[in-house]
Amino acid sequence: MDKEKLFTYYQHTERLLTIMTDMDGFKVEDINTELSGLCRLFRISKGITEFYSSLEHERSHKGEVLICYDDGRKCHEVLSKRIVTKAMTVVKATVYMADGEEPLSDEERKKVQLLMKTVLSFVARNRLQNIVERLTFYDDNGYRNMRSFMRYIQQLNDKDKLGGNTAVHFNLRHFTLINQEIGRNAGDVVIHNYFTMLEDIIGNQGIVCRIGGDNFVAIFDDSLLTDVLMVLQGVPVVYDANNSKRIMVSASTGVFLIPEGFKLECPGDIMDKIITSSQEARTGGSDNIIFFDDDMVIGKEKVSRIQQVFPEALENGEFKVFYQPKIDIETGNIIGAEALCRWERDGQLVPPMEFIPVLEQSTDICKLDFYMLDHVCKDIRRWLSEKRPVVRVSVNLSRKHMMDVDLLEHILRVIDSNNVPHQYIEIELTETTTDVEFRDLKRVVSGLQQAGICTSVDDFGMGYSSLNLIREIPWNVLKVDRSFLPADDSNSHSSKNIMFKYVIAMAKELGVECIAEGVETRNQVDVLRGNQCMLAQGFYFDKPLPLADFEKRLDSKHYDIDEE
Ligand code: C2E
Ligand code: MG
Ligand code: MG
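What counts, and at which threshold
- Along each chain, the written sequence defines residue order, and numbers are assigned to residues from 1.
- Chains and ligands are labelled sequentially in the order written, the chains with letters from A and the ligands with numbers from 1.
- Where local features are concerned, this predicted model is filtered to residues with pLDDT of at least 70; where side-chain atom pairs are given and counted, the filter is 80 or more; whole-chain, interface and lining totals use all residues.
- Calculation of side-chain values draws on the structure's entire complement of heavy atoms; hydrogens and water are dropped beforehand.
- Per the annotation, domain bounds derive from an automatic or database assignment of domains.
- The numbering of helices and of strands both runs from the N terminus, where a helix is a DSSP run of H or I of at least 4 residues and a strand a run of E of at least 2.
- Helix span is expected to be 1.5 Å times the residue number reduced by one.
- Exposed residues in this analysis have more than 50% of their type's maximum accessible area, buried residues have under 20%, and partly exposed residues fall in between, with area computed by a 1.4 Å probe over protein chains only.
- Here, any two strands with at least 2 DSSP bridges between them count as paired.
- Axes here refer to lines fitted to C-alpha atoms; in helices the fit is confined to the stretch in contact. Angles between the N-to-C directions go from 0 to 180 degrees.
- One heavy atom within 4 Å of a molecule or strand is enough for the residue carrying it to be called near that molecule or strand.
- Whenever a nitrogen or oxygen atom comes within 3.5 Å of another N or O atom, the pair is scored as a polar contact, on the condition that within protein one atom can donate a hydrogen and the other can accept it, and that pairs from neighbouring residues in sequence are kept only if both atoms are in side chains.
- Exposure was quantified through the Shrake-Rupley algorithm and a 1.4 Å probe, taking into account, for residues, occlusion by the shown protein chains and nothing else.
- Throughout this entry, Asp, Glu, Lys and Arg are counted as charged residues, while Ala, Val, Leu, Ile, Met, Phe, Trp, Tyr, Cys and Pro are counted as nonpolar. The remaining residues, Gly among them, count as polar.
- Atoms are scored as donors when they are N, O or S and lie within 2.8 Å of the metal, with 3.2 Å used for Na, K and Ca; no water is included, so coordination may look incomplete.

### Re the domain arrangement of the protein chain
Moving on, step 1. For the protein chain, the assigned domains read domain 1 (3-137), domain 2 (146-292) and domain 3 (302-555).
Moving on, step 2. Computed over C-alpha atoms, the centres of domain 1 and domain 2 are 42 Å apart.

### Concerning helix α9 (residues 269-283)
Moving on, step 1. For α9, which comprises 15 residues, the first-to-last C-alpha distance of 22 Å matches the rise-based estimate of 21 Å (1.5 Å per residue) to within 8%.
Moving on, step 2. Looking only at α9, the buried set comprises D269, I270, M271, K273, I274, T276, S277, S278 and A281.

### What about the pairing of strand β1 (residues 44-52)?
Moving on, step 1. The buried count for β1 comes to eight of nine residues, which makes it a mostly enclosed element.
Moving on, step 2. In the sheet, β1 pairs with strand β4 (residues 90-98) via eight bridges, with the strands oriented antiparallel. If you follow F51 over to β4, its bridge partner there is V91.
Moving on, step 3. Taken together, the six bridges between β1 and strand β2 (residues 64-70) define a ladder with antiparallel strand orientation. When the sheet's bridge partners are listed, F51 is paired in β2 with E64.

### Description of the sheet that holds strand β5 (residues 165-172)
Moving on, step 1. Taken in spatial order, the five strands of this open sheet run β6-β7-β5-β10-β11, and their pairing is mixed. Two strands close off the open sheet at either side, each with one partner strand: β6 (206-212) and β11 (289-291). Pairs of neighbouring strands in the sheet enclose a mean axial angle of 15 degrees, with direction left out of account.
Moving on, step 2. Here seven bridges tie β5 to strand β10 (residues 251-257), and the two strands are oriented antiparallel to one another.

### What about the site of ligand 1?
Moving on, step 1. Among the 24 residues in the neighbourhood of ligand 1, the closest are listed as E338, D369, D458, E520 and F539.
Moving on, step 2. Within the side chain of E520, a nitrogen or oxygen atom sits 2.5 Å from a nitrogen atom of ligand 1.
Moving on, step 3. Within the backbone of F539, one N or O atom sits 2.8 Å away from an oxygen atom of ligand 1.
Moving on, step 4. Burial of ligand 1 by the surrounding chains reaches 85%, relative to a free accessible area of 790 Å².
Moving on, step 5. Counting residues per element, the shell around ligand 1 draws most heavily on strand β13 (residues 333-345), which supplies four residues.
Moving on, step 6. In terms of residue class, the shell around ligand 1 is built from 10 nonpolar, five polar and nine charged.

### A closer look at the coordination of the magnesium ion (ligand 3)
Moving on, step 1. Taken together, D458 (OD), D459 (OD), E517 (OE) and E517 (OE) make up the full set of protein donors to the magnesium ion (ligand 3), lying 2.0 to 2.5 Å away.
Moving on, step 2. The sequence pattern formed by the donor residues of the magnesium ion (ligand 3) is D-D-x57-E.
Moving on, step 3. Between the magnesium ion (ligand 3) and the magnesium ion (ligand 2) the interatomic distance comes to 3.9 Å, and D458 is a ligand of both metals.
Moving on, step 4. Residue D458 is classed as buried on the basis of its relative accessible area, which comes to 7%.

### Concerning the coordination of the magnesium ion (ligand 2)
Under perfect tetrahedral coordination by four donors, a metal shows angles of 109.5 degrees; under perfect octahedral coordination by six donors, it shows angles of 90 or 180 degrees.
Moving on, step 1. E338 (OE), N396 (OD1), E428 (OE) and D458 (OD) make up the full set of protein donors to the magnesium ion (ligand 2), lying at 2.1 to 2.3 Å.
Moving on, step 2. Read in sequence order, the donor residues for the magnesium ion (ligand 2) give the motif E-x57-N-x31-E-x29-D.
Moving on, step 3. Judged by its relative accessible area of 4%, E338 is buried.

In structure tokens, the structure reads:
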């Protein structure tokens with residue numbers, strides 16, 4: 001090789017090596033430019049590399065074929081090299097010369113072979129990196145994972161481009177029940193289609209990642225917010241395309257609108273914010289979408305304060321049982337009561353919604369529920385001993401108890417140790433959201449039933465599972481949530497009216513007692529009568545009453561319903 005040729009050779013190889021050893025990325029076109037130069041230098045008319053992720057793929061020709069250079073002339077193969085890597089991937093390089101071209105000298109041949117080896121080891125390493133990238137940034141099902149999300153955020157942060165984006169954390173609502181309803185495989189299809197729907201909206205203006213189970217995160221340009229929220233609020237998702245079967249899917253979502261100029265203080269900054277707000281969306285009221293604001297951090301402090309003082313407050317008897325009467329609207333008699341908890345703290349009455357959700361974050365709620373049950377039993381025992389009129393009292397048990405395998409024994413122990421006949425106690429439970437809970441719930445309710453203790457499903461109609469729950473579990477009482485009660489100004493054909501009618505009729509057919517919660521007006525009482533729902537509880541009759549007031553009510557035992 002003459003001097004000039006050698007110089008060109010070294011120029012190309014040096015540039016090639018610089019590109020190939022750049023750890024932060026390279027452009028395939030740059031590599032091809034250098035390889036094309038080298039091919040021309042060595043009179044090579046075509047150069048190709050092949051990559052197969054396994055021997056099997058090589059055999060069936062399922063791989064990537066990259067043509068680095070092809071001058072289009074008719075040619076024949078002159079050199080070929082094939083390597084099977086330790087990871088059992090196959091890389092291959094082949095060079096061709098045009099027919100009639102002067103053959104390679106020994107020196108040229110050696111150089112070309114060295115180049116081929118270099119290219120092959122580069123391709124092998126690079127593909128391996130892709131595999132590692134897949135394993136690192138995607139989960140087993142091919143969804144981007146948490147690391148992808150954190151990397152994306154870090155990249156935006158490095159470029160000072162976080163502002164103007166929105167981050168969300170979302171959890172699919174009642175997904176376990178969806179799985180129960182349509183089967184796990186169809187459930188997977190639902191997740192896939194829902195995910196794809198969001199990916200299609202977000203495109204290359206952000207990413208969506210699955211961080212485990214039915215929990216997801218996404219970050220995207222602010223301009224897409226409305227479209228994304230529309231999907232999160234609830235859309236029908238196809239799970240059986242052949243039979244065009246669809247199911248409604250919605251999510252509890254925490255949203256953080258990242259302000260202009262926002263910089264990460266620590267890597268988990270944004271994650272903390274969206275998780276906090278999404279937890280609020282999950283456990284709070286009916287709002288499925290909650291925007292993060294700084295007050296929530298104060299909320300967190302409040303949470304830890306409540307958790308801190310709870311044991312002492314329980315010990316000091318700061319929790320009081322209030323009783324809300326249940327009325328037979330036909331006769332006006334009190335037929336029962338619900339025990340509701342109030343916290344007397346520093347001379348103030350704290351309503352349950354301020355502390356129950358906090359106690360539900362740990363098993364503290366279980367201690368409180370048993371404390372309530374014990375106090376209710378003590379009151380009943382006293383009423384019985386004093387020969388007062390006694391009614392059945394219902395006690396709320398949190399879903400958290402479902403984890404307790406000895407729950408049934410615990411309940412019976414408290415009731416029996418107070419020597420209270422079982423017929424005076426009713427246990428209120430709310431809907432469950434997981435398979436395991438559902439199974440446990442069924443076991444507990446059946447057990448209570450066998451022990452002669454009534455069970456009621458509380459807040460019926462609030463969630464997705466309602467019908468399944470009624471069909472599969474032998475409840476005694478269905479407490480129809482107040483959201484089902486028609487408002488005073490609605491006409492008799494309103495959807496609420498129709499739903500209410502339907503629910504009462506269904507309960508009757510299944511032989512389950514029905515009571516309407518949250519009855520506030522005379523008009524609603526009439527609606528109940530019209531639908532043959534003769535039991536009611538609500539402010540129209542009484543608010544939850546302190547013990548002494550309730551005892552007075554019990555003594556008179558009667559309400560004049562038509563007197564407002
Ligand atoms: P819940 O079990 O559904 O109890 C009924 C709630 O509705 C009570 O709220 C009651 O005061 C309210 N209510 C009754 N009538 C009316 C009405 O006419 N209109 C309106 N707007 N509301 C009415 P409260 O006492 O604030 O309790 C809220 C929730 O806290 C309860 O809902 C229950 O889920 C929970 N809770 C209360 N005490 C306990 C307890 O000891 N243990 C557990 N685990 N949860 C409890
Ligand atoms: Mg209740
Ligand atoms: Mg309720």
